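Residue-level listing of the chains:
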Amino acid sequence: MQPIDNPTAIIDFCLAPLNLDTGSEAEREVRRRLEHVIKTFRAKAPQPVAIDFSSMPSQVINEAAHGYE
């Protein structure tokens, strides 16, 4: 996987597992907030930032501890 540097592509990748309704008000609000966070972070970073999800360790969620919802 190539590093992702486009804010929209980063948001799409992160939201994909949630399978959200792509026209809902909630989905638009989540995208708006995430885009703001990414743009604010980039404005303060000393150099351009790209995200490489291929080097990210996998996470295991204990559903029994957190509920099966």
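About the cut-offs
- Residues numbered from 1 in each chain as written.
- Predicted model: local features only at pLDDT ≥ 70, side-chain atom pairs only at ≥ 80, totals over all residues.
- Heavy atoms only, no water.
- Salt bridge = Lys/Arg side-chain N within 4 Å of Asp/Glu carboxyl O.
- Helix = DSSP H or I, 4+ residues; strand = E, 2+ residues; numbered from the N terminus.
- Buried < 20%, exposed > 50% of the residue type's maximum accessible area, 1.4 Å probe, protein only.
- Contact = heavy atoms within 4.5 Å.
- Axes fitted to C-alpha atoms, helices over the stretch in contact; angles between N-to-C directions.
- Parallel < 35°, antiparallel > 145°, perpendicular 65-115°, else oblique.
- Left-handed = near helix turned anticlockwise from the far one by under 90°.

*Asks:* Looking at this model, I keep getting lost on the pattern of salt bridges. Mind explaining?
*Replies:* Pairing of side chains with opposite charge becomes possible as their charged atoms draw close. Per the counting criterion, the structure on display carries six salt bridges. Here Glu25 ties to Arg28 by a salt bridge, and the two come within 3.0 Å at their closest N and O atoms. Residue Glu25 and its partner Arg28 are located together in helix α2 (residues 25-44), separated by three residues, close to a single helical turn. Using a relative accessible area of 55% as the deciding quantity, one classes Glu25 as exposed. Between Glu27 and Arg31 there is a salt bridge, with its nearest N and O atoms 2.4 Å apart.

*Asks:* Help me understand the environment of Leu34, please; the structure alone is not making it clear to me.
*Replies:* Structurally, Leu34 can be placed in helix α2. Judged by its relative accessible area of 31%, Leu34 falls in the partly exposed class. Discounting residues that sit within four places of it in the chain, Leu34 has contacts with Ile11 and Leu15.

*Asks:* How should I be thinking about the packing of helix α1 (residues 7-15) against α2 in this particular structure?
*Replies:* Pairs of packed helices are described in terms of their axes, by the angle between the two and the distance that separates them. Put simply, α1 and α2 touch, their axes get as near as 10 Å, and they point 130 degrees apart. Considering their axes alone, α1 and α2 lie oblique with respect to each other. The two elements α1 and α2 meet at a crossing, and its hand is right-handed. Every residue of α2 that contacts α1 at Pro7, Thr8, Ile10, Ile11, Asp12 and Leu15 is listed here: Val30, Arg31, Leu34, Glu35, Ile38 and Arg42.

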